Amino acid sequence: VSQVTSGPVLGYYRQGSHQVIPIASCAIQEEENNRLLRFAQGFMTRHQLTGYNEKTGRGSVRHIMGRVGDHGEVMAVIVTASEKLPLADLWISEMRKLLPEVVSIYHNVQSRKGNAILGKEIHHLWGKKTLTSSLCGLAFEVSPFSFFQVHKPQAELLYEKALAYADLHGGETVIDAYCGTGTISLCLAQKAGRVIGIEIVKEAIEDAKKNAAFNHIENAEFYAADAGEFMPKLYQEGLRPDVIVMDPVRAGCSEAVLSAAAGMQPSRIVYVSCNVATFARDAKILAELGYEVKEVTPVDMFPQTMHVETVALLTRKEK
C-alpha cells in the first residue's frame with residue numbers, strides 16, 4: 001500500500017524497486033486474494049484512509065496480506081505502521097458483509113523501516129485464529145506467521161520428488177535441517193522411522209509440534225535451534241541419519257549447516273531450493289565435503305515469473 005496525492009494505491013512493487021504499481025488482480029494469486037485487494041482499495045478510498053509512505057514514514061496502512069486455506073477460506077491481515085488500526089470496527093463489519101469467504105481477521109503492527117512485511121506485534125480482531133490447509137494428505141494449521149507454500153498442486157509435486165529422492169523404506173532416521181512449520185518433516189515421517197526437524201524460529205517449531213499432533217504423527221520431533229550448532233551435538237550423542245533434507249531460505253545454507261550435514265555422513269542429502277544461484281554455491285561446497293549432485297528437478301512453483309523451485313539429490317562420493 002502506498003500513499004500518493006490523489007489517495008491510496010494498492011498493488012505490488014515494480015521489479016527492483018519499492019514503487020507500488022496499482023492493480024485490480026494478479027494472475028498468480030488466488031482469486032480470493034484478488035477480491036481482498038479490491039475490497040481494501042475501495043475501503044481505504046471510501047473512508048479516506050492513508051497509505052504508508054516509505055520515504056516520509058507517514059501514513060497508516062502498510063500491507064494487506066491474505067492467506068487462503070481449504071475450501072477457499074481466507075485469513076486477512078491488515079498491517080499498519082501505526083499502533084492502532086484506524087476504523088477497526090468498520091474493517092470487520094464491511095469485510096464480513098462484502099467478503100463472506102473471510103473467516104479470520106488480524107491487525108499487525110510493523111513500525112520499522114525496511115522490507116519485512118510483518119512486525120512482531122499482532123492482534124486477533126475477529127473469527128478463527130488459524131486456517132486449515134491440506135497438503136499431501138496432511139492437514140496443517142496456518143497462522144499469520146506460518147510459512148506455507150503458495151501453490152498447492154506444485155508444492156505437492158515438489159514434496160513428492162523430495163520423498164522420492166529420500167528413498168525411504170520405513171526404518172530410516174531423517175533430519176530436516178530447515179523444517180519451518182513441519183510440512184516436509186511430516187511428509188517424510190509417513191515413510192521414515194524417525195524424523196528430527198530443526199528450525200531457528202521458535203514460533204514455527206510450535207506450529208510444527210501442533211501440526212504433528214493434529215495429524216497424529218508420533219515419529220517426528222522438533223527442536224528450536226540453529227541447525228549448524230545442533231546437528232554436531234546430535235552426532236556427538238551417537239545419531240547417524242540416513243538422509244538429511246534441507247529447504248533453506250533464498251540466502252541458502254550457512255557453511256556451518258553444510259559442514260554439519262556432511263560431517264554426519266548421511267547416504268543422501270536432499271536439497272530443496274528457491275534460489276538456484278545459492279543452491280549452486282552450496283552444491284559446490286558440498287562437493288568439496290564429499291557429496292556429488294546426482295539429479296536435479298526444477299518445479300515451476302510460480303508460473304509466469306522467473307522464479308523456480310529446485311529439488312536435488314546429492315549422494316556421498318565413493319572413495
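Values in this document were obtained by computation on a predicted structure and should not be read as measured data.

## Section: the overall build of the protein
Turning to step 1, where the next piece is worked out: Helix and strand counts for the protein come out as eight helices and 17 strands.
Turning to step 2, where the next piece is worked out: The C-alpha radius of gyration of the protein comes to 21 Å, within 12% of the 20 Å expected for a compact globule of 319 residues.
Turning to step 3, where the next piece is worked out: By principal-axis analysis of the C-alpha atoms, the protein measures approximately 70 × 40 × 30 Å.
Turning to step 4, where the next piece is worked out: When contacts within the protein are restricted to residue pairs at least 6 apart in sequence, long-range pairs at least 24 apart make up 62% of them.
Turning to step 5, where the next piece is worked out: Separation between the mean location of the 33 positive side-chain charges and that of the 36 negative ones in the protein comes to 6 Å.

## A short note on the sheet that holds strand β7 (residues 102-109)
Turning to step 1, where the next piece is worked out: Pairing is mixed in the open sheet, where four strands are placed in the order β5-β6-β7-β8. The sheet terminates laterally at β5 (61-68) and β8 (121-127), the two strands that pair on one side only. Ignoring which end each strand starts from, the neighbouring axes of this sheet average 20° apart.
Turning to step 2, where the next piece is worked out: Direction of pairing for β5 relative to strand β6 (residues 74-80): antiparallel, over a ladder of seven bridges. Bridge pairing links Arg67 to Met75 in β6.
Turning to step 3, where the next piece is worked out: Where helix α1 (residues 31-46) meets the sheet, it contacts β5 and β6, and its direction lies at approximately 150° from that of β5.

## Observations concerning the nonpolar core
Turning to step 1, where the next piece is worked out: By size, the foremost hydrophobic cluster in this structure holds 36 residues, and its most contacted members are Leu168, Val174, Leu186, Leu188, Phe222 and Val270.
Turning to step 2, where the next piece is worked out: Those elements that provide at least two residues to this core are β10 (138-142), α3 (152-166), α4 (183-189), α5 (202-214), β13 (220-224), β14 (243-246), β15 (268-273) and β17 (309-316).
Turning to step 3, where the next piece is worked out: When residues no more than four places from it in sequence are discounted, the contact partners of Leu168 are Leu163, Val174, Leu188, Lys191, Ala192 and Val243.
Turning to step 4, where the next piece is worked out: Within the second largest apolar cluster, 28 residues are counted, among which are Ala225, Ala227, Leu234 and Leu314.

## Side note on the packing of aromatic side chains
Turning to step 1, where the next piece is worked out: In this structure the tally under the stated criterion is six aromatic pairs.
Turning to step 2, where the next piece is worked out: With 5.7 Å between their ring centres and 35° between their planes, Phe39 and Phe43 make a pair best called tilted. One end of the pair, Phe39, and the other, Phe43, are both in helix α1, four residues apart, so they sit about a helical turn from each other. Both residues of the pair, Phe39 and Phe43, belong to the buried class.
Turning to step 3, where the next piece is worked out: Judged by centre distance (5.7 Å) and plane angle (55°), the rings of Phe140 and Phe148 are tilted.
Turning to step 4, where the next piece is worked out: The lysine or arginine in question, Arg240, covers the ring of Tyr235, its NZ or CZ lying 3.8 Å from the ring centre.

## A few points about the side chain of Thr181
Turning to step 1, where the next piece is worked out: Looking at the secondary structure, you find Thr181 in the loop between β11 (173-176) and α4.
Turning to step 2, where the next piece is worked out: The exposure class of Thr181 is buried, given its relative accessible area of 5%.
Turning to step 3, where the next piece is worked out: Beyond its immediate chain neighbours, meaning those up to four positions away, Thr181 contacts Ser146, Phe147, Ala204, Asp207, Ala208 and Asn211.

## Focus: the side chain of Thr297
Turning to step 1, where the next piece is worked out: Within the element layout of this structure, Thr297 appears in strand β16 (residues 291-299).
Turning to step 2, where the next piece is worked out: Given a relative accessible area of 18%, Thr297 falls into the buried group.
Turning to step 3, where the next piece is worked out: Polar contacts involving the side chain of Thr297 include one to the side chain of Tyr165, which spans 2.8 Å.
Turning to step 4, where the next piece is worked out: Not counting chain neighbours up to four residues away, the residues in contact with Thr297 comprise Lys161, Tyr165, Glu309, Thr310 and Val311.

## Quick notes on the sheet that holds β17
Turning to step 1, where the next piece is worked out: Within the open sheet, the seven strands sit side by side as β13-β12-β11-β14-β15-β17-β16. Their pairing is mixed. Edge positions in the sheet fall to β13 and β16, since each of these pairs with one other strand and no more. On average, each strand axis in the sheet is tilted by 15° relative to the strand beside it, whichever way the strands run.
Turning to step 2, where the next piece is worked out: Strands β11, β12 (194-199), β13 and β14 of the sheet are contacted by helix α6 (residues 227-236), whose axis makes an angle of about 145° with β12.
Turning to step 3, where the next piece is worked out: Strands β14, β15, β16 and β17 of the sheet are contacted by helix α8 (residues 276-288), whose axis makes an angle of about 160° with β15.

## Things to note about the pattern of salt bridges
Turning to step 1, where the next piece is worked out: Counting across every chain of the model gives eight salt bridges.
Turning to step 2, where the next piece is worked out: Where Asp167 meets Arg268, a salt bridge forms, and the shortest distance between an N and an O atom there is 3.7 Å. Here Asp167 is found in the loop between α3 and β11, whereas its partner Arg268 is found in strand β15, with 101 residues between them in sequence.
Turning to step 3, where the next piece is worked out: Of the residues examined, Arg268 reaches a relative accessible area of 22% and is grouped as partly exposed.
Turning to step 4, where the next piece is worked out: For Glu292, the salt bridge identified is with Lys294, shortest N-O distance 3.6 Å.
Turning to step 5, where the next piece is worked out: Looking at Glu292, the relative accessible area reads 30%, which means it is partly exposed.

## Some points on the packing of α1 against helix α2 (residues 88-98)
Turning to step 1, where the next piece is worked out: It is the contact of α1 with α2, at a shortest axis distance of 11 Å, that shows an interaxial angle of 135°. Regarding the angle of α1 to α2, the classification is oblique. Note on packing geometry: the crossing formed by α1 with α2 is right-handed. Across the interface between the two elements, Leu36, Phe39, Ala40, Phe43, Met44 and Arg46 from α1 touch Leu90, Trp91, Glu94, Met95 and Leu98 from α2.

Calculation rules
Residues numbered from 1 in each chain as written. Predicted model: local features only at pLDDT ≥ 70, side-chain atom pairs only at ≥ 80, totals over all residues. Heavy atoms only, no water. Helix = DSSP H or I, 4+ residues; strand = E, 2+ residues; numbered from the N terminus. Rg over C-alpha atoms; globule rule 2.2 N^0.38 Å. Contact = heavy atoms within 4.5 Å. Lys, Arg positive; Asp, Glu negative; His and termini not counted. Charge placed at Lys NZ, Arg CZ, Asp CG, Glu CD. Pairing = 2+ DSSP bridges. Axes fitted to C-alpha atoms, helices over the stretch in contact; angles between N-to-C directions. Core = buried A, V, L, I, M, F, W, Y, C linked by side-chain atoms within 4.5 Å. Buried < 20%, exposed > 50% of the residue type's maximum accessible area, 1.4 Å probe, protein only. Phe/Tyr/Trp six-rings, centres within 6.5 Å; stacked < 30°, edge-to-face > 60°. Lys NZ or Arg CZ within 6 Å of the ring centre and 35° of its normal. Polar contact = N/O pair within 3.5 Å; in protein donor to acceptor, adjacent residues only side chain to side chain. Salt bridge = Lys/Arg side-chain N within 4 Å of Asp/Glu carboxyl O. Parallel < 35°, antiparallel > 145°, perpendicular 65-115°, else oblique. Left-handed = near helix turned anticlockwise from the far one by under 90°.

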